[in-house]
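Fold and contact review
Listed here are the chains, written in short residue letters.
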Amino acid sequence: MLKMMTFFQGLSGHQPVQGTLDFPRSPQKLPSTSEAESETSMSVASSEDLVPPLEAGTALYREEEKTVKKKKEKKKKSKGLANVFCVFTKGKKKKGQLSSAEPEGTARSRQGLDGPPPTVEELKAALERGQLEAALPLLALERELAAAAAAGGASEEELVRRQSKVEALYDLLRDQVLGVLRRPLEVAPERLRQALAVVSEQESEDRQAAAAAAAAAGPGTSGLAVTRPRRWLQLWRRGVAEAAEERMGQRPTAGPEVPENVFLHLGRTMKEDLEAVVERLKPLFPAEFGVVAAYAESYHQHFAAHLAAVAQFELCERDTYMLLVWVQNLYPNDIINSPKLAGELQGVGLGSLLPPRQIRLLEATFLSNEAANVRELMDRALDLEAQHWAEDVPPQRLDGHCHSELAIDIIQIISQAQAKAESITLDLGSQIKQVLLVELPAFLRSYQRAFSEFLERGKQLRNYRANVIANINNCLSFRMSMEQKWQVPQDTLSLLLGPLGELKSHGFDTLLQNLREDLKPLFKRFTHTRWAAPMETLEKIITTVDVRLPEFSELQDCFREELVEAVHLHLVKEYIIQLSKRRLVLKTAEQQQQLAGHILANADTIQHFCTQHGSPATWLQPALPTLAEIIRLQDPSAIKIEVATYATCYPDFSKGHLSAILAIKGNLSNSEAKSIRSILDVSTGAQEPSRSLFSLIKVG
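Residues numbered from 1 in each chain as written. Predicted model: local features only at pLDDT ≥ 70, side-chain atom pairs only at ≥ 80, totals over all residues. Heavy atoms only, no water.

Some points on the overall build of the protein
The secondary structure content of the protein amounts to 25 helices and two strands. Within the protein, buried positions represent 46% of all 700 residues. Taking the intrachain contacts of the protein between residues at least 6 apart in sequence as the baseline, contacts between residues at least 24 apart amount to 81%. Of the accessible surface of the protein, which amounts to about 35200 Å², a share of 52% is contributed by carbon and sulfur atoms. (Helix = DSSP H or I, 4+ residues; strand = E, 2+ residues; numbered from the N terminus. Buried < 20%, exposed > 50% of the residue type's maximum accessible area, 1.4 Å probe, protein only. Contact = heavy atoms within 4.5 Å. Areas by Shrake-Rupley, 256 points an atom, 1.4 Å probe, with all protein chains shown as cover.)

What follows is the structure, encoded as structure tokens:
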């Protein structure tokens, strides 16, 4: 991380230099033309970064100054540079001459004036004062030189001397023009148009020179060095790139120099500067400049280079996330496709800030980081919850139910990881969902194991039962989240809910343990009294259950119904166990019919009581009445029909269970009992039971 901090300090430590494109953050007064000329002149005097002036030209300037000094003393000042440019306006305009972009004042100064062509010294003085109007006579001077060289009347030495002067003047003009274009928002619009017109004219002259050279199909003009193309438009674009680098390389104004703040600075600078280009420069620049594309490409290249350099470091989780957010979301959506820039940048084709392969590597790192982070947060939440159990901290009460924050915490951790990935791209959100579907079941298994340990060790705690209920209630929040928000396939849902089902079942067993202990001796009375008074015994059983049921009122309604169903199942199961004890043998049909009547009455009481208290176990309704019918019937064939029907309802009803019931019928021969049992050898096509009843009953 220290290397990363050093890196950012190095990148953002540039000091603003003269000649940058400065986009003011608040409206500023534009400098006057004279002020801009003075500032530009100062800038040009020290600017040698693009094309250095010719040494020969500089020497000739000094020689020419001495020669002309005496002549200038004799002339009147009123006949100075005021008449310099008028000579080129006499008669018909020459080909390639500036027209539409000429300042109005310059045009007026040419009308009706006559005078000699400007001297080299006069052009030099005009350019040093920042008068871009000197570009037109300088171009005429260049053409005149080319014509003289083509005519062949001048010596090679003379041509070289004259060309060096022309090129020295072009160096001055170039620096003046590019100086204006480096600060396009700080000069008057009219002066900016002058500079743009000069560049356009030079580009046009470059094309004409190239066409002439191609037509000649030979070397250039005899005795002159090749100076075209000058490529001033290309130099302007290079200046744009330098301005973008300096703007983007400035130190962030607020906060430490961490990647997050640096990315924000880069993005904000690029967006605000490009919006200024669109609103203030595009209306002034000719289309051939492609001003929006030029600035956008330069800013994009710097932004991309900066992020590529950052990506080479070993990034922390936060920096990896921020890098992906900027590359995949903020840059394309909030900058490139922002309302003010979308239409302008649509055809520029800037592309992504990072190559696809590097993005995939960063996404893989992000997913790995998030999986580890989610795992750690969920484990920490479970440890805190287990600590509360061990310290006998009572659970919260919410709407009359015992409540635990664990499920909410886990769901929030999962949801935040999902949202974090989706804040980068929706596709990454889909990818992390698969990762979370691995982490969540692993957590639920850990949760189930921790809860089982608590059930074993915390029985003596005061808030033991309340915490058990609270954790059972947690299952509802988990289940609803998975079913409604995640919309996972059914097989995946079953895998996820498996540990929760075990947790709930183990919790129910714990809550019902005392009730089962209370009911155990009561059920034994059936066999101890040889079913002499079954109604009285059952009434005591129902009363005991009725007293215990309020203990489960703090369960969520759906779980309370499931628990009452479990009580319902326990009552039916224990009743069948007592019938299967083989301690009761009735040899007459009347005795068997009497017992069947008691069983029917008891079955109706159990069904009514449990249904009244919310049991949804309608599947248990035929369990006892059908056994009563088997005991009542005397015809073996009729008994077979009942047994076959019964086996369809309860596929776990075995021959052992049937034998225990048939043992009550003391008047049934062995052969008849064997024949009845054989009906269970016939497959009914029933599947494995979804609910267990007889598999819970052991028979000898």
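From this point, the narrative continues.
A few points about a positive patch on the surface
A surface patch of like charges, here positive, comprises Lys-520, Lys-524, Lys-581 and Arg-583. Among the secondary structure elements, Lys-524 is positioned in helix H18 (residues 490-528). Look at Lys-524 and you get partly exposed, because its relative accessible area is 38%. (Patch = residues over 30% accessible without salt bridge, like charges linked within 9 Å, V, L, I, M, F, W, Y side chains within 5 Å. Salt bridge = Lys/Arg side-chain N within 4 Å of Asp/Glu carboxyl O. Lys, Arg positive; Asp, Glu negative; His and termini not counted. Charge placed at Lys NZ, Arg CZ, Asp CG, Glu CD.)

Some thoughts on unusual backbone geometry
For the bond from Arg-228 to Pro-229, the omega torsion is 5°, close enough to zero to count as cis. Relative to the helices and strands, Pro-229 resides in the loop between helix H8 (189-216) and helix H9 (232-248). If you check the backbone angles, Arg-582 has positive phi at about 60° while not being a glycine. By the secondary structure assignment, Arg-582 is in the loop between helix H20 (557-579) and helix H21 (589-612).

Structural notes on the packing of helix H16 (residues 426-457) against H18
Between two packed helices, what matters for the description is the angle formed by their axes and the separation of those axes. Where H16 meets H18, the axes come as close as 9 Å, and the angle between the chain directions of the two elements is 10°. In this view, H16 runs roughly parallel relative to H18, as classed from their interaxial angle. Packed against H16, whose contacting residues are Leu-437, Leu-440, Pro-441, Leu-444, Arg-445, Tyr-447, Gln-448, Phe-451, Ser-452, Leu-455 and Glu-456, the element H18 presents Thr-492, Leu-496, Pro-499, Leu-500, Glu-502, Leu-503, His-506, Gly-507 and Thr-510 at the interface. Looking at the contact of H16 with H18 residue by residue, the classes come out as eleven nonpolar, six polar and three charged. (Axes fitted to C-alpha atoms, helices over the stretch in contact; angles between N-to-C directions. Parallel < 35°, antiparallel > 145°, perpendicular 65-115°, else oblique. Nonpolar A, V, L, I, M, F, W, Y, C, P; charged D, E, K, R; others polar.)

Points about the confidence of the model for the protein
When pLDDT is averaged along the protein, the result is 83, and 81% of the positions lie at 70 or above. Predicted confidence in the protein is weakest over helix H2 (residues 33-45), with a mean pLDDT of 34, and strongest over helix H22 (residues 623-632), with 97. In the model, residues 1-114 has pLDDT below 50 throughout and makes 175 contacts with residues more than four positions away in sequence or in other chains. (pLDDT = per-residue confidence, 0-100.)

Some thoughts on the packing of aromatic side chains
The final tally for this structure, using the stated rule, is 25 aromatic pairs. Ring geometry for Tyr-170 versus Trp-232: centroids 6.1 Å apart, planes at 80°, classification edge-to-face. With a gap of 62 residues between them, Tyr-170 in helix H7 (residues 156-182) and Trp-232 in helix H9 connect regions that are remote in the sequence. Per residue, the accessibility class of Tyr-170 equals that of Trp-232, and both read buried. Aromatic pair Phe-303 and Trp-326: ring centres 6.1 Å apart, planes at 50°, arrangement tilted. Of this pair, Phe-303 sits in helix H11 (residues 291-311) while Trp-326 is found in helix H12 (residues 317-336), placing the two residues 23 residues apart along the sequence. (Phe/Tyr/Trp six-rings, centres within 6.5 Å; stacked < 30°, edge-to-face > 60°.)

Thoughts on helix H24 (residues 655-662)
The element H24 is extensively covered by neighbouring structure, given that six of its eight residues are classed as buried. Along H24, the residues classified as buried are His-657, Leu-658, Ser-659, Ala-660, Ile-661 and Leu-662. Its buried side turned inward, H24 meets H20, H22, helix H23 (636-649) and helix H25 (670-677).

Quick look at the environment of Cys-475
Within the fold, Cys-475 resides in helix H17 (residues 464-486). In this structure the C-alpha to C-alpha distance between Cys-475 and Ala-407, which are 68 residues apart in sequence, comes to 7.8 Å. Those residues in contact with Cys-475 that lie beyond four places of it in its chain are Leu-500, Leu-503, Lys-504 and Phe-559.

Some points on the packing of H17 against H18
Relative orientation of the contacting elements H17 and H18 amounts to 155°, with a least axis distance of 10 Å. Relative to H18, the element H17 lies roughly antiparallel. Here the hand of the crossing between H17 and H18 comes out left-handed. Here Tyr-464, Arg-465, Val-468, Ile-469, Asn-471, Ile-472, Cys-475, Phe-478, Arg-479, Met-482 and Glu-483 of H17 lie close against H18, whose contacting residues are Leu-493, Leu-496, Leu-497, Leu-500, Leu-503, Lys-504, Gly-507, Phe-508, Thr-510, Leu-511 and Asn-514. Here the residues of the contact of H17 with H18 are counted per class, giving 14 nonpolar, four polar and four charged. (Left-handed = near helix turned anticlockwise from the far one by under 90°.)

Brief notes about the side chain of Glu-363
Here Glu-363 is to be found in helix H14 (residues 356-390). With no salt bridge to any partner, buried Glu-363 finds its closest opposite charge in Arg-360, at an N-O distance of 7.1 Å. Not counting the four nearest positions on each side in its chain, Glu-363 is found in contact with Leu-324, Gln-328, Leu-428 and Gln-431.

Considerations on the environment of Ser-368
Checked against the element boundaries, Ser-368 lands in helix H14. Spatially, the C-alpha atoms of Ser-368 and Val-435 are 8.8 Å apart, while their sequence positions differ by 67 residues.

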